[in-house]
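Results of the structural survey
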Amino acid sequence: DFLGMVTPNEPELSTKGMLAAIADGVSGNEGGREASEYAVRGLLADYYATPDTWPVTQALERVIKAINGWVQQQGSIRPELAGMASTLTAIVLRGRFYYFAHVGDTRLYLLRGGVLLRLTTDHVWDRPEMQHVLTRAIGLDSRLAIDHGMGELQQRDVFLLASDGVWASITEYDLT
């Protein structure tokens, strides 16, 4: 439903890095598109406002949890938005490293040396008839658990952020 990217100028490029994010609103609930837009826009704006002394993962964690609280609050303020929720996957490229934060079933892939590696795990029910139902997403629960990861960047690394509208319709072989 929504994606965005920021490549800031110096000194933010060195201290914070480049940030890209994708979100997919939960379609079964009103406000899914709004939740996805707010998640991405909020992350892209608020991440760069965090203290430079915070590690990347701490900055992502705090901002995403604040966004989660805001999205949840919207349902109590506006009843038509009760249950609004969204997935969110974000990556930061800073210096020689990448860092990511993830919740839901949007995915982050790394193509390195001709090999495609999925870096995220889908947060869905582990039953064939329920694999489209999220167990974690922005707005679903006040105690949001966020997956984090990091790694060293290599020359010619390619990252792909994708929603289930993309990854469910093609094979990982087709992505390479």
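Note that this is a predicted model, so its numbers are computed, not measured.

1. Quick look at unusual backbone geometry
Cis rather than trans, the peptide bond between Glu-10 and Pro-11 has omega equal to 5 degrees. Its identity as a non-glycine residue notwithstanding, Arg-156 has a phi of 75 degrees, on the positive side. Inspection of the secondary structure puts Arg-156 in the loop between strand E7 (147-152) and strand E8 (158-162). The exposure class assigned to Arg-156 is exposed, which follows from its relative accessible area of 71%.

2. Looking at helix H3 (residues 56-77)
An ideal rise of 1.5 Å per residue puts 32 Å on 22 residues; H3 measures up with 32 Å between its terminal C-alpha atoms. Inspection of H3 places Val-56, Ala-59, Leu-60, Glu-61, Val-63, Ile-64, Ile-67, Asn-68, Val-71, Gln-74 and Gly-75 among the buried residues, and these make up the whole buried set. Looking at the buried residues of H3, the elements they touch are strand E2 (18-23), helix H2 (32-46), strand E3 (88-94), strand E4 (97-103) and E7.

3. Overview of the pairing of E2
On any regular strand, side chains alternate: one points to one face of the sheet, the next to the other face. Counting buried residues in E2 gives 6 out of 6 residues, a clear majority hidden from the surface. The alternating pattern of E2 places Met-18, Ala-20 and Ile-22 and Leu-19, Ala-21 and Ala-23 on opposite faces, both of which are buried. In this structure, strand E1 (residues 2-6) lies alongside E2, joined through 5 bridges in antiparallel fashion. Note that in E2 the partner of Phe-2 across the bridge is Ala-23. Bridge analysis of E2 against E3 gives 5 bridges, and the strand direction is antiparallel. Following the sheet pairing, Ala-21 is matched in E3 by Ala-90.

4. As for H2
The terminal C-alpha atoms of H2 lie 21 Å apart, and with 15 residues this matches the ideal 21 Å at 1.5 Å per residue to within 8%. All of the buried residues along H2 are Gly-32, Ala-35, Ser-36, Glu-37, Ala-39, Val-40, Gly-42, Leu-43 and Leu-44. Those residues of H2 that are buried are in contact with E1, E2, H3 and E3.

What counts and what doesn't
Residues numbered from 1 in each chain as written. Predicted model: local features only at pLDDT ≥ 70, side-chain atom pairs only at ≥ 80, totals over all residues. Heavy atoms only, no water. Helix = DSSP H or I, 4+ residues; strand = E, 2+ residues; numbered from the N terminus. Buried < 20%, exposed > 50% of the residue type's maximum accessible area, 1.4 Å probe, protein only. Expected span 1.5 Å × (residues − 1). Contact = heavy atoms within 4.5 Å. Pairing = 2+ DSSP bridges.

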